Amino acid sequence: SRSEQFVFPEYVPEPAREPPPAAPARPERRPREKRQHRVTGRPDPSVPPSGVSCSGCGAELHCRDPAVPGYLPSEKYLRLMEAHRALQGAVCQRCWLLVHHHQALHMQVSREQYRNLVSAALRSPPRHGRSPLVLYMVDMLDLPDSVLPDLPQLVGAGSNILVVGNKMDLLPGDSPDYLKRFRKQLLRSCARVGILPAAQGTGSQVGRTGSQNLVDVHLISAKTGYGVEELISKLQRSWKCNGDVYLVGATNSGKSTLFNTLLQSDYCKSRTPEVINRATISPWPGTTLNLLKFPIINPTSDRLFRRQERLKADAEKTEEQLSDDEQKFLKCLKKQGYLIGRVGRTFQQQKSKAVIDFDPDELSFNMEEEPVFSSNKPKERVEFTYNELKDARWFFDTPGIVKENCVLNLLTEKEVKLVLPTHAIVPRTFVLKPGMVLFLGALGRIDYLQGAKSSWFSVVASNLLPVYVTTLEKADSIYQKHAGKTLLKVPMGGEERMKEFPPLIPQDITLEGIGTLEAVADIKLSSAGWVAITAHLEDKLQLRAYTPEGTTPMIRKPPLLPHIVDIKGNRIRGSASYRTKKPPPLVENLQANGTNKQIKKRVFKI
């Protein structure tokens, strides 16, 4: 049989061994099913909205309609209303379920409502006499689709835009200059929609889009902190405190993660982490529903000097000199990503000594009574003073713009968690002959119809999304039999789920190989991932790519990782697949030694 499944990146077939002596049989335990949290409570349409925003997503808190963002059950809402200022810092039911139960509630918010909210904020009259800076977040895994074509119209004419390419921690380096190549790809994608550097901002293209000024491009990982300190330094040196900053981007680009990272950095006022709650983070699209914000610190000369001294001292440390907690945190990040950074704080509020709250009534009890110590006294909420905020510039996190024709819009909450990568992607490479087929779950399929020789298909997608290789003759029956089930995994839910899921629609593709060391193109299967095609020189390939109806496969030339075919081990005997190889991680702004020093030279040669 030429069919095979390849799910786990570390999979290596075990050699046959002698069976061990039989152990005494134990009663088989049935796996315990995780029950979904039951949503309780009733709405009360008679109670007016609070005027207070949810600290997780920014929506106005209320108890009138569960389908409207910001909803809390009336019982909880009224109880909080009775307590003095208790709604300040509270989160809505949706944010609570996302964080504590990983359960998403669908909200009645259309794409146009998101767009109008973001556009209205960006087009509001300039505060402090200067237009805001737009920090545009781009998901590098989804390039160029994550660069919204209508962004220039959204942000308005004359806007200053600093583009940030996020999720760099998830992509392996395929050559010494891969970061430089990523930056060029990002600039090219921005130019296609009319966002150009100031020097190029002339001519008919800018006249058509309204003259946006591309200030700079940065590559970061909001999750691991890679590149974030450099981004902060750029903002403080160039933009300083001239105006507000708006974080804008498509859904799932990582805006809320960056918002939370900056909350623990030198970019916000020193007391901000005590006053402002962290944004809700979830793989579910559209987590942020309104504007979240924190005040930006004024980067005076003294503060910039102190910050620079702190960064120099941090860069001279070795991993062994870090605290136990920092070492544990770094160890965890190294398992999750390829590029890691350390985001610290120079300006921290001095913590006052703990004051013992002595209550003599709590100690007044007789011999028959047990002492009871109250632990549920309400904590006094920390607030900014008037002087701290009177001339403040603000950093705003805006709701993500929903991408059209995106496969994530067709998936359930559980399916999104499998499709969106959260850990470093380990490439999976297969060598296919004409007449073979590659499935990426049941979300995408590529048929190798014609070609003179075998070609290499390198899959870049979530490690949890299975890849299945079979023959052209068996492909249709495999899909009919296993779509919605364990073998192809996503979508999940069996025949009932597949009845409502759109059918796969084909698109014919012709490619010509440029050699066995470099991919000719990426076939991007919407936001589910992509397959890099490497073929022999001048070998003409006839391919057919399938994606769900309503989405379209895209040919990306040049490919994002052209040398990805090198990131593989030896071929598994009797199989179309190669053993996987995971490049080692790199920690920036940390003194490296040995192997890590060599890695650093290779990665940062840009």
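Residues numbered from 1 in each chain as written. Predicted model: local features only at pLDDT ≥ 70, side-chain atom pairs only at ≥ 80, totals over all residues. Heavy atoms only, no water.

With an unreviewed UniProt entry as reference, the protein is termed Nitric oxide associated 1, source organism Chelydra serpentina.

Another aspect to go through is empty space enclosed by the protein. Empty space left among the atoms is revealed by rolling a probe the size of a water molecule over them. Per the counting criterion, the structure on display carries two cavities of 30 Å³ or more. The computed volume of the largest cavity comes to approximately 140 Å³. Lining of the largest cavity is provided by 17 residues; of these, D139, L141, P421, S527 and G529 occupy positions nearest its centre. Partitioning the lining of the largest cavity into residue classes produces 10 nonpolar, four polar and three charged. As for the second largest cavity, its lining consists of A121, L122, S124, P125, P126, R127, R130, S131, P132, G243, D244 and Y246. Partitioned by chemical class, the residues of the lining of the second largest cavity number six nonpolar, three polar and three charged. (1 Å grid on protein atoms, 1.4 Å probe; cavity = no way out; pocket = protein on both sides within 12 Å on 5 of 7 lines; lining within 4 Å. Points joined across faces, edges and corners; volume = space filled by probe spheres on them. Nonpolar A, V, L, I, M, F, W, Y, C, P; charged D, E, K, R; others polar.)

Here we come to the nonpolar core. Counting 51 residues, the largest nonpolar core has L432, L438, L443, F457, I533 and L543 as its most contacted members. With five residues, the top contributor of residues to this core is strand 11 (residues 436–440). Dropping the residues within four chain positions of it, F457 is found in contact with R428, T429, F430, L432, L438, I446, Y448, V531, A532, I533 and L543. (Core = buried A, V, L, I, M, F, W, Y, C linked by side-chain atoms within 4.5 Å. Buried < 20%, exposed > 50% of the residue type's maximum accessible area, 1.4 Å probe, protein only. Helix = DSSP H or I, 4+ residues; strand = E, 2+ residues; numbered from the N terminus. Contact = heavy atoms within 4.5 Å.)

Structurally, the position occupied by K403 is in the loop between strand 9 (394–397) and helix 13 (413–419). As a C-alpha pair, K403 and D145 span 258 residues in sequence and 8.1 Å in three-dimensional space. If near-sequence neighbours (up to four positions away) are discounted, K403 is found in contact with D142, D145, S146, L148, A250, T251, N409 and S527. For K403, the side chain forms a polar contact with the side chain of D142, separated by 2.4 Å. (Polar contact = N/O pair within 3.5 Å; in protein donor to acceptor, adjacent residues only side chain to side chain.)

Here we take up the pattern of salt bridges. Under the criterion given, the structure shown has 25 salt bridges. D216 serves as the salt-bridge partner of R183, at 3.0 Å between the closest nitrogen and oxygen. Of this pair, R183 sits in helix 5 (residues 178–192) while D216 sits in strand 5 (residues 212–219), and the two are 33 residues apart along the sequence. One network of salt bridges, in which partners are shared, links E229, D266, R307, R310, D314 and K317. (Salt bridge = Lys/Arg side-chain N within 4 Å of Asp/Glu carboxyl O.)

Take the packing of aromatic side chains next. Evaluated as defined, the whole model comprises eight aromatic pairs. A centroid spacing of 5.4 Å and a plane angle of 85° characterise the contact between Y178 and F182, whose relative ring orientation is edge-to-face. One end of the pair, Y178, and the other, F182, are both in helix 5, four residues apart, so they sit about a helical turn from each other. F182 matches Y178 in its accessibility class, with the two residues each being buried. Centre to centre, the rings of Y448 and F457 are 5.8 Å apart; their planes meet at 45°, and the pair counts as tilted. Residue Y448 shares its accessibility class with F457, and that shared class is buried. Residue placement shows R556 over the ring face of W530; its charged tip is 4.3 Å from the ring centre. A cation sits over an aromatic face here: K568 above Y578, 5.0 Å from the ring centre. (Phe/Tyr/Trp six-rings, centres within 6.5 Å; stacked < 30°, edge-to-face > 60°. Lys NZ or Arg CZ within 6 Å of the ring centre and 35° of its normal.)

This part is about the side chain of S189. Assignment of secondary structure puts S189 in helix 5. Excluding residues within four positions of it along the chain, S189 makes contact with L143, P144 and V147.

Reading predicted coordinates in detail is not appropriate for stretches of low pLDDT. Mean pLDDT over the protein: 81, with 77% of residues reaching 70 or higher. Note on residues 8–19: pLDDT under 50 across the span, and eight contacts to partners over four residues away in sequence or across chains. Note on residues 360–378: pLDDT is under 50 here. Beyond four places in sequence and across chains, it has 10 contacts. (pLDDT = per-residue confidence, 0-100.)

A sheet is described by the order of its strands in space; here five strands give the open sequence 10-13-17-16-19, paired in antiparallel fashion. Each edge of the open sheet carries a strand with a single partner, namely strand 10 (428–432) and strand 19 (554–556). The mean inter-strand angle of the sheet, taken between neighbouring strand axes irrespective of direction, is 25°. Alignment of strand 16 (residues 521–524) against strand 19, held across three bridges, turns out to be antiparallel. Note on strand 19: the bridge partner recorded for K524 is M554. (Pairing = 2+ DSSP bridges. Axes fitted to C-alpha atoms, helices over the stretch in contact; angles between N-to-C directions.)

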